[in-house]
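Listed below, chain by chain, are the residues.
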Amino acid sequence: MSLPVNHIFIHHTAGPRCLIKSRCSKIVRDIQKYHMSLDWDDIGYNFLIGGDGNVYVGRSWDKIGAHTLGANNISIAFSLLGDYMDFLPSIKMLRVTQLLIACAVEKKVVPKRYLLHGHRDQTCTLCPGDAFYNYLRRWPHYLPGPLSTYVCKS
Ligand SMILES: [Zn+2]
């Protein structure tokens, strides 16, 4: 992928949560298996964040992912393990997500004036969950739906 990219997309996995490394690793491997069963090159996200506070490497910083339809080549994606429709990720996970964003800036993967979005800002999806999405909208650099004129068909 040609860096820097201007956009960061935040996702949730809409799957199980975890609190210990062995369990989080297993979940990440299961997602990788699932994504590769779709004939993708590898797990779709650039990085994943576990409830254990660890960051799991997906496609890393410089490989185009398969996470956000229409924006894969101009963004990186971080996905939090779990389903955040009804409640927020843990404080630890939120903190790690912000550290990962800061790391992306420091590594010049994104510019200082990056734009932050939830997956649903780009495509018709519930991701990253109602509770988390509403919270994310208050984070620095957040910008709603700048990339697409896509409208959810109800
Ligand atoms: Zn998503």
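Shown above is the structure to which this text applies.
Residues numbered from 1 in each chain as written. Predicted model: local features only at pLDDT ≥ 70, side-chain atom pairs only at ≥ 80, totals over all residues. Heavy atoms only, no water.

Draft legend 1. Examining the pattern of salt bridges more closely. Counted by the stated rule, this structure contains four salt bridges. Here Lys63 ties to Asp62 by a salt bridge, and the two come within 3.7 Å at their closest N and O atoms. Here Asp62 falls in the partly exposed class, since its relative accessible area comes to 38%. With a closest N to O distance of 2.8 Å, Asp130 and Arg120 form a salt bridge. Remark: Arg120 occurs in the loop between strand 5 (115-118) and helix 3 (130-136) and Asp130 occurs in helix 3; sequence separation between them is ten residues. Note on Asp130: relative accessible area 30%, which makes it partly exposed. (Salt bridge = Lys/Arg side-chain N within 4 Å of Asp/Glu carboxyl O. Buried < 20%, exposed > 50% of the residue type's maximum accessible area, 1.4 Å probe, protein only. Helix = DSSP H or I, 4+ residues; strand = E, 2+ residues; numbered from the N terminus.)

Draft legend 2. Local environment of the coordination of the zinc ion. Only His11 (ND1), His119 (ND1) and Cys127 (SG) from the protein reach the zinc ion as donors, at distances of 2.0 to 2.3 Å. Coordination of the zinc ion draws on donor residues from a single chain, spaced H-x107-H-x7-C in sequence. One end of the pair, His11, is in strand 1 (residues 7-12); the other, Cys127, is in the loop between strand 5 and helix 3, with 116 residues separating them in the sequence. Cys127 carries the same exposure label as His11, and that label is buried. (Donors = N, O, S within 2.8 Å, 3.2 Å for Na, K, Ca; no water.)

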